[in-house]
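Inside the fold
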Amino acid sequence: MPSQFSRRALIRGLTAATVTFSLAGGLTACGGDSEAAATTDTAGTVTVGRLSNGAAEETALKVSEVKSISARLPASVRKSGKLVIGVGALPSGSAPLNFVGSDQKTLTGSEPDLGRLVAAVLGLEPEIRNSTWENLFVGIDSGKVDVAFSNVTVTEERKKKYEFASYRKDDVAFEVLKKNTWNFDGDYKNLAGKTVSVGSGTNQEKILLEWKAKLAKEGKKLTVKYFPDQNAVNLALNSGKIDAYFGPSPTVAYRARQTANSPDPTRSAGFFSGAGATLQGLIAATAKKDSGLAEPVAEAINHLIENGQYGKWLAAYGLSEESVTKSRVNPPGLPLDNA
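For the structure given in this document, a descriptive report is provided here. (Residues numbered from 1 in each chain as written. Predicted model: local features only at pLDDT ≥ 70, side-chain atom pairs only at ≥ 80, totals over all residues. Heavy atoms only, no water.)

This next bit is on the overall build of the protein. Tallying secondary structure elements over the protein gives 10 helices and 14 strands in all. Expressed as a percentage of its 339 residues, the buried residues of the protein come to 57%. Contacts in the protein between residues far apart in sequence, at least 24 positions, make up 79% of those at least 6 positions apart. Total accessible area on the protein stands at roughly 13600 Å², and carbon and sulfur atoms take up 50% of it. (Helix = DSSP H or I, 4+ residues; strand = E, 2+ residues; numbered from the N terminus. Buried < 20%, exposed > 50% of the residue type's maximum accessible area, 1.4 Å probe, protein only. Contact = heavy atoms within 4.5 Å. Areas by Shrake-Rupley, 256 points an atom, 1.4 Å probe, with all protein chains shown as cover.)

Another point: the side chain of Asp170. For Asp170, the location among the structural elements is in strand β9 (residues 162-177). Summary of buried charges: Asp170 has no salt-bridge partner, and the nearest side chain of opposite charge, Arg168, is 5.9 Å away. Looking at Asp170, its side chain comes within polar contact range of the side chain of Thr153, at 2.8 Å. (Lys, Arg positive; Asp, Glu negative; His and termini not counted. Salt bridge = Lys/Arg side-chain N within 4 Å of Asp/Glu carboxyl O. Polar contact = N/O pair within 3.5 Å; in protein donor to acceptor, adjacent residues only side chain to side chain.)

Moving on, we get to unusual backbone geometry. When glycine is set aside, most residues are seen to have a negative phi, and most peptide bonds are trans. Geometrically, the link from Leu90 to Pro91 is a cis peptide bond, its omega value of 5° lying close to zero. Between Ala95 and the following residue, Pro96, the backbone shows a cis peptide bond with an omega angle of 5°. Examined against the element boundaries, Pro96 turns out to sit in the loop between β4 (82-90) and β5 (99-100). Unlike most non-glycine residues, Leu51 shows phi in positive territory, near 60°. You can see Leu51 is positioned in the loop between β2 (45-48) and β3 (59-62). Relative accessible area serves as the criterion here: at 26%, Leu51 is assigned to the partly exposed category.

So, on to the packing of helix α4 (residues 110-121) against helix α9 (residues 294-306). Two elements in contact, α4 and α9, have axes separated by 9 Å at closest approach and are oriented at 100°. It follows from the interaxial angle that α4 and α9 lie roughly perpendicular. On α9, the residues that touch Leu114, Leu117, Val118 and Val121 of α4 are Val297, Ala300, Ile301, His303 and Leu304. Each residue belonging to the contact of α4 with α9 can be placed in one class, and the counts come to eight nonpolar, one polar and no charged. (Axes fitted to C-alpha atoms, helices over the stretch in contact; angles between N-to-C directions. Parallel < 35°, antiparallel > 145°, perpendicular 65-115°, else oblique. Nonpolar A, V, L, I, M, F, W, Y, C, P; charged D, E, K, R; others polar.)

Turning our attention to α9. Here α9 contains 13 residues, and its C-alpha end-to-end distance of 18 Å stays within 8% of the 18 Å for a straight helix at 1.5 Å per residue. Residues of α9 that are buried: Ala294, Pro296, Val297, Ala298, Ala300, Ile301, Asn302, His303 and Leu304. The inward-facing, buried residues of α9 abut α2 (67-70), α4, β9, β14 (281-288) and α10 (309-316). Directly after α9, the chain includes Gly308, whose backbone phi takes a positive value near 90°. (Expected span 1.5 Å × (residues − 1).)

By size, the foremost hydrophobic cluster in this structure holds 57 residues, and its most contacted members are Leu83, Leu117, Val118, Leu122, Phe149 and Trp313. Top contributing element to this core by residue count: α4, with six residues. If you look at the next biggest cluster of nonpolar residues, it comprises 20 residues, including Val176, Leu208, Leu215 and Leu222. (Core = buried A, V, L, I, M, F, W, Y, C linked by side-chain atoms within 4.5 Å.)

What follows is the structure, encoded as structure tokens:
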């Protein structure tokens, strides 16, 4: 059985927020796609963590266009003067990754903020488009979205249609009520008899369903349940309808922080790489295959890494342990068969 990835201090740097998770995660837009309001900064400055309800430390970063990088953009994108950034946060978001801020209209979070930083390096005006997770990929396919910054894990299946520029490590985690003594311990066999919620269409769903199939061959049962949004997952966990939630580790860590003083505090019950047993998962900016965007976006991210803005962005959201040393174009991802 694969070794367990060690628990990392994902919530380091978060402020002592008193606002509830449901408020931080709530989105006011509805439907399958929406134009999210953009923040306003002075020229050459991108402020990360703005309106974040305490999920991040507001930090103003100096970022200017790097013409040697922007010159490599596809002509159509360069001519448009804007970078259309897709975020799959509807209907209720997932703090600290993506959620509507305290003004009840601006989409904030670590993911859209990195998109804004990359757009600044490319000399483009960021235009954030918020949608459901499923419609995020529809937007890329249709050309309505240039690139997604939405906690998308690199997988070999997705490489058939998309190209990637990595920017953050990807671990997934099990969230349980603190009073629950169960732990994953890196062994899928410990899921026997459990009921677990997971997001549809995610890489963690692929991993969980493979474990479910393994258990079925052993004569054991794992029940997988789906809910329409994060708030519904939280209610199901609190009410005992599910034993655990399997999702992005930053979200699980944030929830543990936010619920610490509530009647139903939660905790992480174990981590696993988002790319499976033998490979460290990577989160990446995602564009249509052969769009020509992955390389300049990776160069922009590497510029941010080399000049310090990347590290300050991660620190603002308490995600410094998620850092990578370099953005890679189309790195190895979750295998087609992770059995």
